[in-house]
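# Analysis of the macromolecular model
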Amino acid sequence: MSLFWIVIRQLAYFEESMATSKKVFTREDWEKRLNDVKIRKEDMNRLVMNFLVTEGYVEAAEKFKMESGTDPDIDLATITDRMAVKKAVQSGNVEDAIEKVNDLNPEILDTNPQLFFHLQQQRLIELIRNGKVEEALEFAQEELAPRGEENQAFLEELEKTVALLAFEDVSNCPVGALLDVSQRLKTASEVNAAILTSQSHEKDPKLPSLLKMLIWAQNQLDEKAVYPRITNLSTASLEDPAV
């Protein structure tokens, strides 16, 4: 977060002071500018806690709370329940996931028809994956078709899912990706976001967004100056520019 604001401030400075040529900064000068910007440790701790809570690292969040004294903005016990729902979807136990969501908060699915449809769609995918053709057709007709009649987007998704039944070899099926693990992960992520929203918590962690903003800021600054850039976000090490 501190690096992002550093780059933003430098960008604003250059836009005001430079008109034609790029200014060249040495590593020493650039590092001095970085060190001159002070960020409160409490702010950084909250950023870390936000990531741990949002991504569901409950044990790490508990340890970080003890070590840093940073309180999370939600009850850490709810993370365990949320992760149980996510794990159930990722393993294909969608019925169990739906029950767990309703135990947490029945309004989540009652007020989010798209999420409920996608969970039911995932149930249909799991039936097809397990070769339960008759059960899959019955489930699609009774549970999903009525929702498709009310929503054109749902109908199109239902038709794509049922199309899986027409192919013995799904590798040749144009919608075969529905059987990939990535589809489970997508549904699990959607459920996770809905639960977080119901708990008045951001559905996405702040850290990845800040890193994207840092990349954008550096790209903007590249037009104004030559300076040591951060190219490896995992290490945040500075690399000298090619002058």
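If you check an unreviewed UniProt entry, the protein chain appears there as CTLH domain-containing protein from Nicotiana attenuata.

What follows is about the overall build of the protein chain. For the protein chain, the helix and strand inventory stands at twelve helices and four strands. Taken against the 2.2 N^0.38 rule, which gives 18 Å for 243 residues, the C-alpha radius of gyration of the protein chain at 24 Å runs more than 25% over that of a compact globule. Expressed as lengths along the three principal axes of its C-alpha atoms, the size of the protein chain is roughly 70 × 45 × 30 Å. Here the protein chain holds 243 residues, and 37% of them are scored as buried. In the protein chain, 57% of the contacts between residues at least 6 apart in sequence involve partners at least 24 apart. If you sum the accessible surface of the protein chain, you get close to 14,500 Å²; carbon and sulfur atoms cover 49% of it. Looking at the protein chain, you have 28 positive and 43 negative side-chain charges, and the mean spots of the two groups are 10 Å apart.

Despite not being glycine, S200 has its phi angle at roughly 60°, a positive value. In this fold, S200 is placed in the loop between α11 (181-198) and α12 (206-221). A relative accessible area of 72% places S200 in the exposed class. Phi at A236 takes a positive value of approximately 60°, unusual for a residue other than glycine. The topology assignment puts A236 in the loop between β3 (229-232) and β4 (237-239). Judged by its relative accessible area of 35%, A236 falls in the partly exposed class.

To continue, consider the UniProt feature "domain: CTLH" (unreviewed entry) in the protein chain. In the numbering used here, UniProt assigns the "domain: CTLH" (unreviewed entry) feature to residues 78-135. Across residues 78-135 one finds 83% helix and 0% strand; the C-alpha atoms that close the span lie 34 Å apart.

Quick look at the pattern of salt bridges now. Considering all chains together, one arrives at twelve salt bridges under this definition. Across the salt bridge formed by R184 and E126, the nearest N and O atoms sit 2.8 Å from each other. Linking R184 in helix α11 with E126 in helix α8 (residues 113-129), this pair joins segments that are 58 residues apart in sequence. The pair formed by R184 and E126 is uniform in burial state, with each residue classed as buried. Among the charged side chains, a network of salt bridges with common partners joins R27, E31 and D240.

For the rest of this paragraph, the subject is helix α6 (residues 94-104). Among the residues of α6, V94, A97, I98 and V101 are the ones counted as buried. Taken down its axis, α6 places every buried residue within 100° of arc, on the same side. Across α6 from its buried face, at more than 90 degrees, point the exposed residues E95, E99 and D103. If you follow the buried residues of α6, they end up packed against α5 (77-90), α7 (107-110), α8 and α11.

A few words now on the pairing of β3. Strand direction decides the pairing type here: β3 and β4, joined by three bridges, are antiparallel. Looking across to β4, one finds that N232 is bridged to S237. Once β3 ends, the chain turns through four residues before running back antiparallel as β4, passing A236 with a positive phi of about 60°.

Turning to the side chain of H201, a few remarks are in order. Relative to the helices and strands, H201 is located in the loop between α11 and α12. Relative accessible area serves as the criterion here: at 5%, H201 is assigned to the buried category. Within the local environment of H201, its side chain forms a polar contact with the side chain of D73, the two groups lying 3.3 Å apart.

Right, let's get into the packing of aromatic side chains. Taken as a whole, this structure holds four aromatic pairs when the rule is applied. With centroids separated by 4.8 Å and ring planes inclined at 35°, the aromatic side chains of W30 and Y227 adopt a geometry described as tilted. Linking W30 in helix α2 (residues 27-36) with Y227 in the loop between β2 (225-226) and β3, this pair joins segments that are 197 residues apart in sequence. According to the relative accessible area criterion, Y227 is buried, its value standing at 1%. Pairing F117 with F154 gives two aromatic rings, centres 4.3 Å apart and planes at 5°, and the pair type is stacked. Residue F117 is located in helix α8, and its partner F154 is located in helix α10 (residues 152-162); the two are separated by 37 residues in the primary sequence.

Rules used throughout
- Residues numbered from 1 in each chain as written.
- Predicted model: local features only at pLDDT ≥ 70, side-chain atom pairs only at ≥ 80, totals over all residues.
- Heavy atoms only, no water.
- Helix = DSSP H or I, 4+ residues; strand = E, 2+ residues; numbered from the N terminus.
- Rg over C-alpha atoms; globule rule 2.2 N^0.38 Å.
- Buried < 20%, exposed > 50% of the residue type's maximum accessible area, 1.4 Å probe, protein only.
- Contact = heavy atoms within 4.5 Å.
- Areas by Shrake-Rupley, 256 points an atom, 1.4 Å probe, with all protein chains shown as cover.
- Lys, Arg positive; Asp, Glu negative; His and termini not counted.
- Charge placed at Lys NZ, Arg CZ, Asp CG, Glu CD.
- UniProt positions renumbered as here; feature names shortened; annotations may be inferred.
- Salt bridge = Lys/Arg side-chain N within 4 Å of Asp/Glu carboxyl O.
- Arc of directions from axis to C-beta.
- Pairing = 2+ DSSP bridges.
- Polar contact = N/O pair within 3.5 Å; in protein donor to acceptor, adjacent residues only side chain to side chain.
- Phe/Tyr/Trp six-rings, centres within 6.5 Å; stacked < 30°, edge-to-face > 60°.

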